[in-house]
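Residue-level listing of the chains:
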Amino acid sequence: MTEISQPPRLASSCGGLPSAVRWAHLLMEDRVRPGDAVIDATAGNGHDTLFLSRLVGEAGRVWAFDVQKAAVLETRRRLDEAGVGNATVIHSGHETMREQVPTEWHGRLNAIMFNLGYLPGSDKSIITLTETTLSAITTALDLLKPGGLLTIAVYPGHDGGNDEQRAIAEWAAALSPKTFEAQLLRPINRSASPPECWAVWKRG
């Protein structure tokens with residue numbers, strides 16, 4: 001397999017503060033190390049899957065999920081072009097990750113990444129759903145090891161996104177502070193519904 005180089009730790013190209021996705025990447029770059037085991041819960045076009053694959057390196061493991069076949073095919077194509085062989089792309093919703101990830105990895109994952117909304121360049125009516133998202137992020141916390149990190153990029157500006165954002169905010173606020181630390185990163189002086197990044201750290 002082609003050697004996987006570490007991605008550059010670049011500042012925002014526009015000189016401003018990071019976007020929701022870039023915040024998630026910066027947090028992952030800070031916490032994920034070569035040899036780690038991680039999940040991309042929303043593979044999409046494969047950008048985050050490839051990003052995580054490079055972070056964990058050849059000795060690491062990545063499981064990527066997407067409910068859309070087009071996303072699965074595009075993610076596999078992107079990984080193949082990059083010569084990456086440490087990722088398993090699964091055509092299934094992220095709410096099934098407990099069943100899809102081998103049981104020996106339950107409670108041992110270092111990080112899990114969600115990028116919600118719809119698949120860029122595809123049918124915008126096909127979106128992540130509040131019910132399955134809540135099920136998936138709750139499962140994600142169980143699968144993480146102590147010290148593990150969960151990030152969630154949320155887009156309240158599209159149809160259904162507001163409901164998903166409110167549900168995630170309520171879910172995060174209800175987490176036990178003895179077990180988890182939850183933070184929210186979002187613009188406060190831009191649009192009425194800017195994308196935002198949630199980060200949840202599972203205490204060690």
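Described below are features of the structure shown in this document. (Residues numbered from 1 in each chain as written. Predicted model: local features only at pLDDT ≥ 70, side-chain atom pairs only at ≥ 80, totals over all residues. Heavy atoms only, no water.)

With that out of the way, let us pick up the packing of aromatic side chains. Taken as a whole, this structure holds one aromatic pair when the rule is applied. Positioned over the ring face of Trp 105 is Arg 108, at 4.5 Å from the centre of the ring. (Phe/Tyr/Trp six-rings, centres within 6.5 Å; stacked < 30°, edge-to-face > 60°. Lys NZ or Arg CZ within 6 Å of the ring centre and 35° of its normal.)

Attention shifts here to the packing of helix 1 (residues 20-31) against helix 2 (residues 47-56). Remark: helix 1 packs on helix 2, axes separated minimally by 11 Å, with the N-to-C direction vectors making an angle of 15°. The angle between helix 1 and helix 2 places the two elements in the roughly parallel class. Of the two possible hands of crossing, helix 1 and helix 2 adopt the one that is right-handed. From helix 1, Val 21, His 25, Met 28 and Glu 29 reach across to helix 2, where they touch Asp 48, Phe 51, Leu 52 and Leu 55. When the residues that make up the contact of helix 1 with helix 2 are grouped by side-chain class, the tally is five nonpolar, one polar and two charged. (Axes fitted to C-alpha atoms, helices over the stretch in contact; angles between N-to-C directions. Helix = DSSP H or I, 4+ residues; strand = E, 2+ residues; numbered from the N terminus. Parallel < 35°, antiparallel > 145°, perpendicular 65-115°, else oblique. Left-handed = near helix turned anticlockwise from the far one by under 90°. Contact = heavy atoms within 4.5 Å. Nonpolar A, V, L, I, M, F, W, Y, C, P; charged D, E, K, R; others polar.)

Further remarks concern the side chain of Thr 75. Relative to the helices and strands, Thr 75 is located in helix 3 (residues 69-82). Here the side chain of Thr 75 touches Gly 44 through a polar contact of 3.1 Å, landing on its backbone oxygen. In this structure, Thr 75 is in contact with Ala 43, Gly 44, Asn 45, Gly 46, Thr 49 and Val 89, ignoring residues within four places of it in sequence. (Polar contact = N/O pair within 3.5 Å; in protein donor to acceptor, adjacent residues only side chain to side chain.)

Buried residues dominate strand 4 (residues 109-115), accounting for six of its seven residues. Where strand 1 (residues 37-40) lies against strand 4, three bridges are found, and the strand directions are parallel. Bridge pairing in strand 4 places Ile 39 opposite Ile 112. As paired elements, strand 4 and strand 5 (residues 144-154) share six bridges and run parallel to each other. Pairing of Met 113 across the sheet is with Thr 151, part of strand 5. (Buried < 20%, exposed > 50% of the residue type's maximum accessible area, 1.4 Å probe, protein only. Pairing = 2+ DSSP bridges.)

The description of two packed helices rests on the angle between their axes and on the distance between the axes. Their axes nearest at 10 Å, the elements helix 5 (residues 130-143) and helix 6 (residues 161-173) cross at an angle of 30°. Taken together, the axes of helix 5 and helix 6 lie roughly parallel to each other. In the packing of helix 5 onto helix 6, the handedness of the crossing is right-handed. Listed contacts from helix 6 to Thr 130, Thr 133, Leu 134, Ile 137, Thr 138 and Leu 141 of helix 5 are Asp 163, Glu 164, Ala 167, Ile 168 and Trp 171. Of the residues belonging to the contact of helix 5 with helix 6, the class tally is six nonpolar, three polar and two charged.

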